[in-house]
Each structure stands twice: as C-alpha cells, then as structure tokens.
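These are the residues of each chain, in order.
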Amino acid sequence: KFTLTDGTSEPGRPFSPLQSDYHFEYTECDVLGSRWRVAVPNKQDTCTGLPDPVKGTQCTFSCNEGEYLDMRSQTCQKCSAGTYSLGTGVGFDEWDAMPTGFVSHGINLNIADMYTNCSNSTWIPSGDYIASNIDECTATLSYSVSLKKAGTVSFEYFYPDKNIFFEFFVQNDQCQSTDSHVRWMRTSEKDWTSYDVSLNRGNNVLYWKTTSFALVGSAVKPVLLRNIAISGVAYTSECFHCKAGTYSAKPGSAHCTPCPADSYSNKGATVCQQCGPDLYAEAGSGSCKQRPACTTSDYFYTHTPCDSNGQTQLMYKWIEPKICSEAVGGLNSSEAAVSLPSSGQLETCPPCNPGFFFTNTSACEPCPHGTYSNGTACAECPVGTEPVVGFEYKWWNKMPDNMRSFVYSREYSDTDRSTGWEVAGEYIYTTPGDLDSDYMMLSLTVPGYRLPHSMAKDEERSEVSRISFVFETQCTADCKLYFMKGYSERNNEMVEHWSGTTRKQSYSYLVKHNSTVSFTWAFQRTEAYSQVRQYSADFAKLYSIHITNVLGGVASQCRHCALGSGLASECVSCPPAHYMVEGSGVCKSCPANTFIRADQTVGEAACVPCGPNTHSNKAHSACVSSCRLQAGGREGEVLRYDFTPLANVTSFQSSPRFSSKGLRYFHQFRVGLCGEEGREVAVCVDNVTETKEVRGYACQSTVVPSDVRGQTVVSSQPFVIGDTLIGTRFSIWFLIPLITDTTSWLGKGVTVPICYIYLFRGCCVYRRSSETTQTCKKGRATTIRLRCDPTVTAKDQITLPSKCSEGTCDGCSFHFLWRSQHACPLCTESHYREIVSGCTQGIQRTTYVWQQPLQCTGGVALPPQAVRACVSLDIWLKVGVSAGTVAAALLIGISCYFWKRTRKLEYRYSKLMMTAGDKECELPAADSCAIMEGEDAEDDLIYLTKKSFFTKIKSFSRERSSDGFDSVPLKSSSGLEMEMS
C-alpha cells in the first residue's frame, strides 16, 4: 500500500504510518558514549513502515534553558511563547495529581506499636504544592532520575512545625546517602525556604521523608513542597506549558512569570488578563474574585511621624492590598460599604523613647555613646558613673528601625500584606488580617550583648541580658499570643504563650546565650480556617519593650560604678566578693560565704548568703557544694557524708506515657547532684530539626523511642528545672503506722510524737531555675531526696512520686527520690563491734563485724582480726579440780569438828538436867562434870573398852529407849563409866 496525503492507502504501494503513530527515542549509550535514534510505535498494530534507526547525538549532548531537543531533526529548538524549558532539567510546579515518576508510601517506625496501619499516610498533592502527612507514621516521597552529567536538585519547602521530622537525602548507584549532618531541614517560621543539593552523574534517587511526633493535642502543621527542579539530564524533548496564573511572553523562556495583582491567566498563557472593575485577584491567580464591600475591618489607624513643627496626627489607612470596594452596598444601611474616616487633629508629639533625642527635623536619633536621655536631650554621664545600655520602647509614633511587622498565612498562600502590627502612639497593636487564622508577626532583632564594666564575667552567671514587655489581649474567640526567641528571624522557638483575653501585665525573660538575637511576637485570632472574617476586632497590644546590655544600644540613665586606678578613671567591676556602696563608687567586701546577685551589684542586699552545706565559688557569683558534708546524729554523734560517687550527671526516665494517637514517649531527666567549679553539668538536647541544648544542675526533655534518625531515641522540648543550688538539708524520716497513705513520699515525711518508728536519715538537695513561665511565675524548683539504702548497688536508682508520675504535679515543683548506698553516712568506729573467741591451744582471736542493719558506707574500714596468746583451758581445768577437791575436804573436816563439839554440849546439858531433877525448883549443885571457867574444851569421853571403827560409828547414833529418852554414856566423878536411861 501507498499512503496518500489524505491518509488513505492505495493498493500496491507500501504503507507509511503517520507521524502521530510513533515517536522517537534514544537507545542506551554504549561504552563509546554513542547511541541510536529509533522510532517507537504508539499503537501495537503499527509495526511496519517505521523510519529506520539513525545515528543519534552524543550522550553528553544537551540543550540550553528555554530550548528542547527536536528528535526528528536532532537539533535544539526554542520553546514557543506560553511554554518553558529547563534545558538539561525537568521541573514540577503543578501538583493537582502526583506527577509521573514520583512515588509516595507510608511506613510505621514506632517500635512500641508495630500494628498501626500507615498505608494511607502519604504525601498529598494540593494544587500549587504537595503536603506531607500529619500523623505519627513516616511518609516518604521519592523520585528516581538518571543524570548524564553532574547536576542539581532545587525545591522550595515550608516547614513551620517542630513536632515533625523532615529530612531530604539522595542515594546514588551504590545506595550511599547524603551526609547525615546536612540532610535535616531547618524550620521556616514565616516564608518558603529554597534548598538545593548537588547531584552526581548516574542514577540518583531523591527522598523527602517526614515523621510526626506530636505529644500535645494541638494540630500539627504539615510540611509543604513546591517548584522541584532537577538539572543534569541529557535533554528534554518537549517544553512545559505555563500553569494558570503565570505566563511567558517570549519564545525560549526558561521559566514562567506570575501574573501581577488584579490580573489572571489560564494554562499556557502568553499574557495576563486584567480583572474587571468589581473584581480582584491576588498575584499569581488563575481567576478573579468579586470585590466585597468595605467594612471597618478593612482599615486601621496609626499616628503619623512627627513633622518639623513637632506635631503628629491620627490617621486611617486601607489594609494593603486593598480588595474591598467602597461603591458596593446593600439595601440596609448596615450592609453599605464604608469609607475611610478622616484624619484627626494635629497633636503635640510625645517625647522620643529613652536614649533618643529630637533633631531639628523633629526626628528621633540615638544619643552618642557615653550619654543618656529621658527622650528629650542627651547629657553626659557624671564621673564615676556609666550608662545603662539597652533599648526601651514605650512611645510608638514610628516603627523602630530594628523591628519589623509582617503577616504569615496558615494557608501558605503568598500575600503582599506587610502590616501585621501598627504603631498607635502609646502602644503598638495588631491590625485586621485577611483571614482570622493568619498570624500577625512582629520581630525585634539585636546585634548581640555585652555586660557592663561594673559586672564581672563569670561562668556561673548565665544571664547576659533581660527582655521585658507589657502586653494586653482582648478576644472573643480562641486567640493566642506567642512569644518566641531564636538566633535569627527565621529560626525561632516558642518561649511562652497566652490564650484568650489577658489583662494588662508584664513578662520578663532571661537571655542566657549571646546567640539569642531575635525575638518575635505572633498573634492568631483563631485556629479554625474560614474565609469569612468574624474576629477582626480581637487584638493584641504591646505597651513597652525593654531589653538590656545590647551592643549599640542607648542609655536612659547612668549608674555609679567603681573607678579604676588609672588617670582616665574608667569604670571597672568591683573585685570578687565585693559590692558597691549605693550612691558612691566604693567597693565593700561581702560577708563570708555569700555570692553577688547578677541583677543587682549595688548595696548590701547584693550579697546573698549561701544555703546550708554550700559555699561560694571563687568569683562569689554562685554557691557550690563539695559533695562532702556532715550533720548531727543521735546522742551527739557527728555523721559525715561523701556524695562524690553521685556527683556525675545521672540520667533517668519517667514511666511510659502515650499521646492522643497512641505514641509512646518518656520524660527524661538529667541531674548533676553536686560539685565544685568546673564540674560536669546536666545537658538536655533537642535533636528534632537541629541539635540544641540547655545546661544546668537539672533539666528535662521528652524522648520518643524511634529509629527515624538512626538513633535509639528522639529528644525534644528541653528545659532547665534547676540552675541554682539553694542548699542541702538533713531531716529524720519516720514511718507512721497510723497514716494510711504511706505509698507517696511527696509529703516530705510526717513526724508524730507518739507511735513512730525511726526509719532512716535523709538528705535533701534543693535547686531552683531562674526561668519564669506563665504557670511558674517564680521559676521552677527541684528537690532531690537521698535515702540511705546499703542494699542498692546501682548509682542511678531514682524514682518519681507515685501520685505524680511525671516528677511534678503542678509543672513547677519537681521531686525525686534517690536510693543509694552512697547516700549513707561514712562508717565510724561506732558502726562495728568486736567478737572475742575462746582460748584455743593458747591463742585467742578478736574479730570485728558491722552493726546490723548496716547504715553506713565507706569511711573507716573494719580492723583486721587480732590474735594474742592466752592460757589454755586444760590447765585451768586441772587447777580448778584440784582446788575444788581441797576445798571439799576442808569443808568436810570443818563440819565433823563442829558436829563433835555439838555432841559434847548435848552431853553436858543432859548432865545438868539430871542433877536438877532431884530438887525441883532448885538449881543443881556444881559438879565436876559441868563446864568450869577455864575448863579446857578438849575433854573427851573415856571408854573403858576399846571399840572397833565400826563400833565407834555405831555409837554415834542415838538409841532411843522405850520411855522416850536417849541412852547417853556418862562419866562419873570417880572416872567410872555408866549408862543412864
């Protein structure tokens, strides 16, 4: 067949497909860097008559920006008007649907909950941008591209919420990723941020990954991406149409230009169309909108700068860009459009702010260095004084040069609005916004800080400046006023916020780092998005702002200072441990064991006594503890303690907690108990977006177990809960059987005069943080109670109160109980006793053992076992038996002797009685048998016959006769023996 010009075929001629039936592609490059151009059919049945393959361009061939490669002629051609081309790259700026080549998927990296379904947690195309997920799954957006030469990838992102991890990295052919130090994106508080990364030749896979770690109930703001461009591809074979709201008027455009305000364009436009008189459009719009009637919310009031006559005027201005119409009105007068009110009467200008003076043109200029003013004229500081440098704004006729106002829209739409706050004479206030959910932003930037000459520098003194402001809010909805600080206007973190209507009050914040140079106030009328403005009358006002020790600042007053010894008489700081006498430049020594207050160095009140069991450091700027102290014990005993083993920073966690979506997290605490100057301090970090840290005696952070960053935990929201050591006290703790609630030790122990049991001696370490919040107006305080427990061998057995599992019940007072053997007093001689053994083989041993239960550690060691010679028990036993035998024999002999004497007395008594029986009532006559005076008691019975030994024994017994009398042998005076019965 032969193809005719009308597309029909004629028999007998070969078939030639139409150009729309196929397209050209290049083959893969060979080792020589060459390739072929081949025709690829667009339909499956078109297999014959295709053009033959021809030699293609070199693999390194590419076109310039605004050009494309015509595959038929293999030459570069300019893009037509209404289109654009990146030349050697591809771009993605329309996100109505997921572009070809992009892949998004969600996975669960929460170790504690592996059953959560994350299949729907993906990036979502949203017209001009693509938005990340806001749940606790990990959403990944990837795109694979093969570069023929080194190129770049660039994109714009909006990352406002630190409760989301956001990382971007690239993997090459060897699956090697971008350096981990540069893959984490920085947050952007107010505007889109541009980012670009170099790409190597070859295959590159681009990854955008987000993971939410929201621990509070507030909504999480997603990460947004737009305008992704990749360069380094060999060629692009087509141009891209300009999206709606943009245009390109000339051929060969590398990009499209957004339409200006009050104009619009369709896709592929070469020119923008103007909106009608009753219509309006924002810059870059694809359509026009009807202008609403002007209301009182469309204008604001302000004061004009002082003129040459020193006068100012109240005037009204339309909010720019003006979108309302003054000609639109309804049937009712309440619906009619309003006009701009006329300006007020001329008034005398208020004075300049402190430290400034009026020039000839009635403008306020800063006073020269070394001078001060109250807002009228500058004056030299007297000798012996120095200017108090800073910035104090309390008159608002002009926006200060170092302050800026802008509007941030939560809906991420570009806006020309630049007036979020406006000066109004005695205050600065928030103007109505385009939307009630917009953030009205006010920023203050300073170059840095420098301490005055009269204030000595010291590592223990953390304050370098102080910012104070007076504010007020009035709201009918859920408005919020945020106060933020950061190291730049674009990188801020929230310090404090206030919700709802707030009466006029002041707030102060201590600046501890010289890198904190930006402060921002943000006011949002409501979080709910609506295109109808309902709360435009809600406002926030700042009456005054005062920041101290600012480089390049001005002075509102002078203060006395100590003078140096030189001829110049320059101000110097008082020596350590000295304060300056008020009203003079004389330095006077503080009492012993005191420190100088950082915010007051004048007067005796500047000397603050150190707390119990602490002492001042060398510079007398803070109190420290040596970890060694003593206290009185029972019965006048002195107990000594050494907490040195506990001095190193200790980390511990609270019990697991769960967010509203089930995410498991912990509160991690780090505590440095004690130590001298140069000690290790507790450090808590925030590694969500970039590594930030806070330092002090005690700090807290929130950690989430995860492997998102290749780490075991993710730490965020750190803050100090103790940066000043107050003191250390000892107290006796008692266990009260009558108290039913004995599980909680938050009550500090209860002492009752009756029925108590001594439990242990405790030591309490008190610390305080100087940072104040809306809840903790006096700062935070931390109490660490040490309990002596010899059975605990670990150094970090720290528990939290049972009733307050987060360590605090009110968010201001933190309590911890630390059980350790090192919390016991040092052992002394009274803590052990001796045990003496018996004498064994002439040796006696003395052994020393601890008193039980043991309530001490370290200190005096147990003495070694003592051995001494002794007399054996066998010898003493023999001596004892012998002595006992002799004593027994002697006792028997003495008993027999006295028994025999008793028998003699009985005999003589019987003889007397017999003699008295003959004459009743008469005494017997004396007889020779009676005991005469001087008679020897040695008379013995004389027996006529000799008896045997047994007969003598028998005779000792008495034989009683039938009449009841004993038979007693008697001896007559004639010496004859007779028996009387």
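A quick note: this is a predicted structure, and the numbers were derived from the prediction, not measured. (Residues numbered from 1 in each chain as written. Predicted model: local features only at pLDDT ≥ 70, side-chain atom pairs only at ≥ 80, totals over all residues. Heavy atoms only, no water.)

**Details of the pairing of strand 3 (residues 22-26)**
Then, number 1: Only one face of strand 3 is buried, namely the one carrying Tyr-22, Phe-24 and Tyr-26, since none of His-23 and Glu-25 on the opposite face is buried.
Then, number 2: Sheet topology places strand 3 next to strand 4 (residues 36-41); 5 bridges connect them, and they run antiparallel. Directly across from His-23, in strand 4, lies its bridge partner Val-40. (Buried < 20%, exposed > 50% of the residue type's maximum accessible area, 1.4 Å probe, protein only. Helix = DSSP H or I, 4+ residues; strand = E, 2+ residues; numbered from the N terminus. Pairing = 2+ DSSP bridges.)

**Considerations on the environment of Tyr-22**
Then, number 1: Mapped onto the fold, Tyr-22 is located in strand 3.
Then, number 2: The class of Tyr-22 is buried, set by a relative accessible area of 8%.
Then, number 3: Once the C-alpha coordinates of Tyr-22 and Leu-50 are considered, the two residues, 28 residues apart in sequence, prove to be 7.9 Å apart.
Then, number 4: A polar contact of 3.4 Å, which involves the side chain of Tyr-22, links it to the side chain of Arg-72. (Polar contact = N/O pair within 3.5 Å; in protein donor to acceptor, adjacent residues only side chain to side chain.)

**Some words on the environment of Tyr-26**
Then, number 1: Relative to the helices and strands, Tyr-26 is located in strand 3.
Then, number 2: In this structure Tyr-26 comes out as buried when scored by relative accessible area, which is 12%.
Then, number 3: Note: C-alpha distance between Tyr-26 and Arg-37 (11 residues apart in sequence) is 4.6 Å.
Then, number 4: What Tyr-26 contacts, discounting residues up to four positions off in sequence, is Arg-35, Trp-36, Arg-37, Gly-56, Thr-57, Leu-69, Met-71, Gln-74 and Tyr-235.
Then, number 5: A polar atom in the side chain of Tyr-26 sits 3.4 Å from the side chain of Thr-57.
Then, number 6: Separated by 2.6 Å, the side chains of Tyr-26 and Gln-74 make a polar contact. (Contact = heavy atoms within 4.5 Å.)

**A closer look at the nonpolar core**
Then, number 1: If you look at the biggest cluster of nonpolar residues, it comprises 37 residues, and the most contacted ones within it are Trp-421, Ile-467, Phe-469, Phe-483, Trp-521, Leu-542 and Ile-545.
Then, number 2: If you tally residues by element for this core, the top one is strand 43 (residues 539-548), at 4 residues.
Then, number 3: Counting residues in hydrophobic clusters, the runner-up holds 30 residues, among them Ile-130, Val-145, Phe-166 and Ile-230. (Core = buried A, V, L, I, M, F, W, Y, C linked by side-chain atoms within 4.5 Å.)

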